[in-house]
Amino acid sequence: MSNVIINRVAEFLRRHPPFSFLEEGDLLRIAQSVEISYLAKGEVLFRKGEPANPHFFILKEGQILLQEEGQIREYCDVGDLFGVLALLGKRPYVLDALAGENSLIYAVPVEEFEKLLEKNPKVSLYFAAGFAAGQVVFRTDLGQGQKAREVFGRKEQDHSLLIFSGQSTIQISKNVLTCKPSDSVQEAAYWMDQQQVSSIVICDESKFPIGILTDKDLRSKVLAKGLSTSLPVSEIMSSPVITKKPESDFAELYLSMIKNRLHHLVLTEDGTDQSPVCGILSDHDVLLSMGNSPAVIIHALINARSNEEMGQIRDRAEEMLRYYLENEVAMDFVAAVMTEINDVIIQRAIEEGKKLLIPKFPEVGSIPFAFLSMGSEGREEQLLRTDQDNALVYGEVPESLQEKARAYFQELGTYVVETLLACGFASCPGEIMASNSKWVLPISSWKAQFSEWILHPSPEALMKSSIFFDFRVVAGTRSLGDELTSHIFDEIKKKPIFLNFLAQNALQNPPPLGFFRNFLVEKSGEHRDQFDIKARAMLPLTDLARLLILYHGIPGINNTFKRFEKLSELEPNYRDLFIQAAKAYEILMRMRALEGLQERNSGRFIAPEKLGKIQRNLLKNSFSPIQELQEIVQVRFQLDYFRS
């Protein structure tokens, strides 16, 4: 070929993996070895059972259909590789390949390419992950796919270093509480309490700082020593004051606090103690600025002064989440961290709500209760701030207190829901929230509700079961949750046919690939031509995992991939399949969360054409366990003979 043609071939290959991983010299050598072929519509390139060709193929233009006994299994897009069995062991072809329309293909000599497989691990990994068109997806492929995603999309930036880069944002308190040196300790303490701050700066007549008094000073210098609170603050204040300019970058401010062991750093107009005070930086503010650490975020939430502040902290958790997802931090760790953060918000809301409401309802404040998270948060899988699903259960009360108890817990549930809304969590469209009186009930009523769903499994009851059966106690008396769980399993034992209804419901969503192995997308409405990753891919797996865990009678495991891990122990014959299903769910969770962070929404709907080729292939491969699991459920629960 002429150099012009070779360069054109190289330019095309450069845009498509695995050629995009090659160094320039290797890419040009491959381009020089390529043979260009034209196929007319209907012309056969190879047939099933034929010996492997010494080439594998990449589609340049047109369409290639991969068939088995006349049935189309897959069609190749521009840039897709196919016929790779020559590369994977020189076995006969397992599918027919023919042109769906007039097509131009590049044939790459296996002999030339095999040299690069040894030299370039990314190229080998691409094929091992099952990313080529028509390649049989083996159960080891999802593990390779996870590794491939990590290798191909690795991020090198370490967000934890931002605190030394000057790029961190920081909220500096500009309304500084001050007093005169002659003011008494008691007056200073009173003003600190009124303003809900942990320090007061002592200033002279020119508003220049001459000292600082903190909560710690009050404890260690006054109360611990039994000194009189009528003393002037000048006698116990910390002095001299370390000061900085407000425009100093975060690294300078933070390191100054570390070096001087300060909990508060005073900011003045010119950075010296000979100019007026204009701000103050506390270690609490520093915690809010170091949003990449789970411990820091949780500590900040526990000490937050308002719902608005908790919302800001939860915003910072999104950046930590993005960092974790992009850098392939293990999903069980990511899910556990985000769950803990969400739980702390609920627990704080419970604490604050009780403080406000118990004076109003003193007779019922000691009644045991449990706040329940359900759905994805109940399964410890709510990475983004998607819809709330929660409820509240409380202990039995005398008839004389029932109305007050109902009102108290209704208001407490509403307070928690409103706190979550203030922190950015969406409202449940179906009103399955603890602000709805239908879902704030005593334990006896909850038992009756679950019994009704199990004994009369209508479509609505099955829908509710898929949400409520994944409840988890987040705050309150855990034994109430345990009692409710025991009741559910006892009721299922009495009516095991409920599981057949649940199984039938779990098969409502077929594997999410259409006849031509392209994504089943929405046909109309706001999300037309988008793929619903929640309903078509994640929901089938969560439903199947829940069903099989209930079938085995295993309580206390709500998380979907932990359920599959447990099932792999309980059913060793299907061990590989369950492990594959857990990996698939992890891939789907990560992909949805990244989509949501990028698009600033729930991540539920994904436009397939916007995904890169590796992402599309990884997503398709993650669907592979769904059909096999559904076939197992179909047989196990005799759904061919079962009638609702």
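The structure this text deals with has already been given above.
Conventions adopted
- Residues numbered from 1 in each chain as written.
- Predicted model: local features only at pLDDT ≥ 70, side-chain atom pairs only at ≥ 80, totals over all residues.
- Heavy atoms only, no water.
- Pairing = 2+ DSSP bridges.
- Helix = DSSP H or I, 4+ residues; strand = E, 2+ residues; numbered from the N terminus.
- Axes fitted to C-alpha atoms, helices over the stretch in contact; angles between N-to-C directions.
- Contact = heavy atoms within 4.5 Å.
- 1 Å grid on protein atoms, 1.4 Å probe; cavity = no way out; pocket = protein on both sides within 12 Å on 5 of 7 lines; lining within 4 Å.
- Points joined across faces, edges and corners; volume = space filled by probe spheres on them.
- Nonpolar A, V, L, I, M, F, W, Y, C, P; charged D, E, K, R; others polar.
- Salt bridge = Lys/Arg side-chain N within 4 Å of Asp/Glu carboxyl O.
- Buried < 20%, exposed > 50% of the residue type's maximum accessible area, 1.4 Å probe, protein only.
- Expected span 1.5 Å × (residues − 1).
- Parallel < 35°, antiparallel > 145°, perpendicular 65-115°, else oblique.
- Left-handed = near helix turned anticlockwise from the far one by under 90°.
- Phe/Tyr/Trp six-rings, centres within 6.5 Å; stacked < 30°, edge-to-face > 60°.
- Core = buried A, V, L, I, M, F, W, Y, C linked by side-chain atoms within 4.5 Å.

*Asks:* Can you lay out the sheet that holds strand E13 (residues 369–373) for me, pointing to particular residues and giving the numbers?
*Replies:* Here we have four strands laid out as an open sheet, ordered E15-E14-E13-E16, and mixed in their pairing. Looking at strand neighbours, the two that pair on one side only are strand E15 (440–442) and strand E16 (472–476), the edges of this open sheet. Direction aside, neighbouring strands of the sheet carry axes that sit 30° apart on average. As paired elements, E13 and E16 share four bridges and run antiparallel to each other. Each bridged residue has a counterpart across the sheet, and for Ser373 the counterpart in E16 is Arg472. Along the sheet, helix H14 (residues 402–422) contacts E13, strand E14 (390–394) and E15; its crossing angle with E14, the most-contacted strand, is approximately 150°.

*Asks:* Describe the layout of surface pockets, naming the residues involved and giving the relevant values.
*Replies:* Volume-wise, the largest pocket comes out at about 1,200 Å³. Along its surface, the largest pocket is lined by 46 residues, and Ser376, Thr386, Asp387, Lys534 and Arg592 are the ones closest to its centre. Secondary structure elements with two or more residues in the lining of the largest pocket: helix H11 (307–326), helix H13 (375–378), helix H16 (459–468), helix H19 (533–552) and helix H21 (575–599). For the lining of the largest pocket, the element with the most residues is H19, which contributes seven residues. Of the residues that constitute the lining of the largest pocket, the class distribution is 17 nonpolar, 14 polar and 15 charged.

*Asks:* Please provide a residue-by-residue account of the pattern of salt bridges, values included.
*Replies:* Scanning all chains against the criterion turns up 34 salt bridges. Glu319 is the partner of Arg322 in a salt bridge, and the nearest nitrogen-oxygen pair spans 4.0 Å. Of this pair, Arg322 and Glu319 both sit in helix H11, separated by three residues, roughly a single helical turn. For Glu319, a relative accessible area of 43% translates into the label partly exposed. Measuring nitrogen to oxygen at the nearest pair gives 2.9 Å for the salt bridge that ties Arg379 to Glu381. Judged by its relative accessible area of 10%, Arg379 falls in the buried class. A residue is classified by how much of its surface remains accessible, and Glu381, at 7% relative accessible area, is buried.

*Asks:* An account of the side chain of Gln67 is requested, with residue identities and associated values reported.
*Replies:* In this fold, Gln67 is placed in strand E3 (residues 55–68). Classification of Gln67 by relative accessible area gives buried; the value is 14%. Setting aside residues up to four positions removed in sequence, Gln67 forms contacts with Ile72, Arg73, Leu95, Asp96 and Leu98.

*Asks:* Any chance you could break down H11 for me, citing the residues and the numbers?
*Replies:* With 20 residues, H11 extends 29 Å from end C-alpha to end C-alpha; this agrees with the ideal 28 Å at 1.5 Å per step. By the burial criterion, the buried members of H11 are Glu309, Met310, Gly311, Ile313, Arg314, Ala317, Glu318, Met320, Leu321, Tyr323, Tyr324 and Leu325. Just past H11, the residue Glu328 takes up positive phi, approximately 60°.

*Asks:* Which residues make up the environment of Asp77, and what values go with them?
*Replies:* Residue placement: Asp77 occurs in the loop between strand E4 (71–76) and strand E5 (81–82). In this structure, the C-alpha to C-alpha distance between Asp77 and Gly62, residues 15 residues apart in sequence, is 7.9 Å. For Asp77, the contacting residues outside a window of four places in its chain are Leu59 and Arg616.

*Asks:* Got a sec to walk through the packing of helix H15 (residues 443–455) against H16? Specific residues and values, please.
*Replies:* Between H15 and H16, whose axes approach to 9 Å, the crossing angle comes to 125°. By the angle between their directions, the pair H15 and H16 is classed as oblique. Every pair of crossing elements has a handedness; the one defined by H15 and H16 is left-handed. For the pair formed by H15 and H16, the contact residues are Trp446, Phe450 and Trp453 on the first element and Ala461, Lys464, Ser465 and Phe468 on the second. In terms of residue class, the contact of H15 with H16 is made up of five nonpolar, one polar and one charged.

*Asks:* Go over the packing of aromatic side chains, please, and point to the residues and values.
*Replies:* Within a pair of aromatic rings, the relevant descriptors are the distance that separates the centres and the angle that separates the planes. For the structure on display, the rule yields 26 aromatic pairs. Here the aromatic rings of Tyr394 and Phe409 are separated by 4.6 Å at their centres, their planes lie at 15°, and the arrangement is stacked. Of this pair, Tyr394 sits in strand E14 while Phe409 sits in helix H14, and the two are 15 residues apart along the sequence. Just as Tyr394 is buried, Phe409 falls in that class too. When the ring of Trp446 is compared with that of Phe468, the centres are 5.7 Å apart and the planes differ by 45°; the resulting orientation is tilted. Of this pair, Trp446 sits in helix H15 while Phe468 is found in helix H16, placing the two residues 22 residues apart along the sequence. Across the pair, Phe468 and Trp446 agree in class, each one buried.

*Asks:* Residues and numbers for the environment of Val78, please.
*Replies:* Its place among the elements puts Val78 in the loop between E4 and E5. With 62 residues separating them along the chain, Val78 and His16 place their C-alpha atoms 9.3 Å apart. Ignoring any residue separated from it by four or fewer positions in sequence, one finds Val78 in contact with Phe12, His16, Leu59, Lys60, Glu61, Gly62 and Lys613.

*Asks:* Which residues make up empty space enclosed by the protein, and what values go with them?
*Replies:* Throughout the structure, instances matching the rule amount to three cavities of 30 Å³ or more. Computed from the structure, the second largest cavity encloses a volume of approximately 80 Å³. Every residue along the wall of the second largest cavity is listed here: Asn342, Ile346, Ser373, Glu377, Gln382, Gln388, Asp389, Asn390, Leu420 and Phe425. For the lining of the second largest cavity, the class distribution of residues is three nonpolar, five polar and two charged.

*Asks:* Tell me what's going on with the nonpolar core, and back it up with residues and numbers.
*Replies:* Grouped together as the largest cluster of nonpolar side chains are 123 residues, with contacts concentrated most on Leu383 and Phe409. Once residues within four sequence positions are removed from consideration, Phe409 is found in contact with Ile367, Pro368, Phe369, Leu392, Tyr394 and Val440. Ranked by size, the runner-up nonpolar core spans 25 residues in total, among them Phe21, Phe56, Tyr126 and Ile614.

*Asks:* An account of the pairing of E3 is needed here, citing residue identities and associated values.
*Replies:* Among the 14 residues of E3, 10 are classified as buried, and the element is accordingly described as predominantly covered. Across 11 bridges, E3 lies against strand E6 (residues 96–109) in antiparallel orientation. Across the sheet, residue Phe56 finds its bridge partner in E6, namely Val108. As paired elements, E3 and E5 share two bridges and run antiparallel to each other.

*Asks:* Go over the sheet that holds strand E8 (residues 199–203), please, and point to the residues and values.
*Replies:* The three strands are arranged E7-E8-E9 in an open sheet whose pairing can be described as mixed. The two strands at the open ends of the sheet, each matched to only one other strand, are strand E7 (178–179) and strand E9 (209–214). One ladder, built from five bridges, connects E8 with E9; its direction is antiparallel. If you follow Ile200 over to E9, its bridge partner there is Leu213. Across the sheet, helix H6 (residues 185–195) is in contact with E7, E8 and E9; its angle to E8 comes to roughly 130°.

Function-wise, these values are silent; they only describe arrangement.
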